Amino acid sequence: MVASEGRSVAAADKRPWLGPFCFGVGYDDFVELYHAENDRYMRTLGLLLSVMGIAYGGISLHVLFDYAVGKEVPNGLGDVLAPLIMICLWLFGLWLLVCPPLPFLSRGVMCGRFFAVHGAVVPDGGVPDGWSVSLSVSLGELGAEEVAADGSLVRTPYAFMRRRPVLTRRFVFMGLRDVSRESALWNTVGVNWAFRKDWNGEGAFVPRKALGGALGGARRVRRGVRRRVRAGSRRYRRAVWLARLGRVCPGCGRRALALMRPELEWLAEGERLNKEHKRQGADDATRSIGDGL
């Protein structure tokens, strides 16, 4: 049953679902996509800070008011700074909840990484505002396939995507699951908050304007992606548990491999095509040098 399910999914992927869509991405588009990838985590963190700040912030305001009218006398500078810090944390949580910001220190690094992942040649010391890249993206039954600016294939299976695609002003964004980036609980334990991974630019996205007449528009396409992500995630979770059981039951390991075989073969095919593309590029470069001599 597991093998037949895998074969049916692999056969369905031979029929493209949507695309290809050809479009350009600039710096403003990167900012919008970064917000789509990061805002949910920031709002969750802001909600936690805001809920905790309702009690602590209220108490801090009451304490400062008593100091101001002379009902209480602070014993030192710490008695004033502690309530001020709690109020600042409360206001910071509200800021994250209402208007999640972009990181200021690593924005240029993440922007360069984003364009490099999607095939652009990023100059050293360049201005991010002037960067752009042209892409071609299509959606199949197994995942999203991108032809990057350098001609390489970037394949993203639905099984590895987050449950909810994000609908922005210009894109439908499909991010990858990564607990070290999207889990507020994980990033508030110990010192994890200080070592949260930067976004490496991965994820699939298609422009909304290209989906105007495709299957009823962007919202309907998002529902279709969610349906495929749920199906792929269920198979992936089953495969993970079977792989764990495979340590004591070899048959479970084989079933796990059969369950994810469509995605594994699809990704392996992409790697093979990328190697052929690089080899062809190297041959063309060698030929052009020989012709110049």
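Just above sits the structure.
Definitions and limits used
Residues numbered from 1 in each chain as written. Predicted model: local features only at pLDDT ≥ 70, side-chain atom pairs only at ≥ 80, totals over all residues. Heavy atoms only, no water. Phe/Tyr/Trp six-rings, centres within 6.5 Å; stacked < 30°, edge-to-face > 60°. Helix = DSSP H or I, 4+ residues; strand = E, 2+ residues; numbered from the N terminus. Buried < 20%, exposed > 50% of the residue type's maximum accessible area, 1.4 Å probe, protein only. Pairing = 2+ DSSP bridges. Patch = residues over 30% accessible without salt bridge, like charges linked within 9 Å, V, L, I, M, F, W, Y side chains within 5 Å. Areas by Shrake-Rupley, 256 points an atom, 1.4 Å probe, with all protein chains shown as cover. Salt bridge = Lys/Arg side-chain N within 4 Å of Asp/Glu carboxyl O. Core = buried A, V, L, I, M, F, W, Y, C linked by side-chain atoms within 4.5 Å.

Participant: What is the right way to look at the packing of aromatic side chains in this model?
Facilitator: Here the distance between the centres and the angle between the planes together describe a pair of aromatic rings. Summed over the entire model, instances satisfying the criterion amount to 15 aromatic pairs. Taking 6.0 Å as the distance between ring centres and 40° as the angle between the ring planes, the aromatic pair formed by Y27 and F30 counts as tilted. One end of the pair, Y27, and the other, F30, are both in helix α2 (residues 27–69), three residues apart, so they sit about a helical turn from each other. Here Y27 falls in the buried class, since its relative accessible area comes to 13%. Geometrically, the ring pair formed by F114 and F205 is stacked, given 6.1 Å between the ring centres and 25° between the ring planes.

Participant: Explain the pairing of strand β2 (residues 132–139) here, please?
Facilitator: When a strand is regular, its side chains alternate between the sheet's two faces. Buried residues dominate β2, accounting for six of its eight residues. Bridge count for strand β1 (residues 18–26) against β2 is seven bridges, and the pairing is antiparallel. Across the sheet, the residue bridging to C22 is S136, located in β2. Sheet topology places β2 next to strand β3 (residues 143–147); four bridges connect them, and they run antiparallel. The partner of V137 across the bridge, within β3, is E146. Two successive antiparallel strands, β2 and β3, enclose a turn made up of three residues.

Participant: Even after reading the chapter, I still don't get a nonpolar patch on the surface, so can you show me in this structure?
Facilitator: Among the surface-exposed residues, L81, L84, I85 and L89 lie close enough to one another that they form a single nonpolar patch of about 330 Å² accessible area. Within the element layout of this structure, L89 appears in helix α3 (residues 77–98).

Participant: Which parts of the structure should I look at to understand helix α4 (residues 107–117)?
Facilitator: Think of an α-helix as 3.6 residues a turn; residues three or four steps apart then line up on the same face. Turning to α4, its buried residues number three or more, namely M110, C111, G112, F114 and F115. Phi turns positive one or two residues past the end of α4, at G119, with a value near 90°.

Participant: What should I look at first to understand the sheet that holds strand β6 (residues 171–174) in this one?
Facilitator: What holds strands together in a sheet is hydrogen bonding between their backbones, with the strands either parallel or antiparallel. Pairing within the open sheet is antiparallel, and its three strands lie in the order β5-β6-β7. Both outer strands of the open sheet, β5 (166–167) and β7 (204–207), are each paired with one neighbouring strand and no more. Where β5 meets β6, two bridges bridge the pair, whose relative direction is antiparallel. Bridged to V166 within β6 is F173.

Participant: Can you walk me through the nonpolar core in this structure?
Facilitator: If you look at soluble globular proteins, the nonpolar side chains tend to sit buried side by side. Ranked by internal contacts, the top residues of the largest apolar core, which has 39 residues, are F30, L139 and F205. Of all the elements in the fold, those that place two or more residues in this core are β1, α2, α4, β2, β6, β7 and α6 (218–245). Among the elements that take part in this core, α2 stands out by supplying six residues, more than any other. With seven residues, the next largest nonpolar core counts C252, A256, L259 and M260 among its residues.

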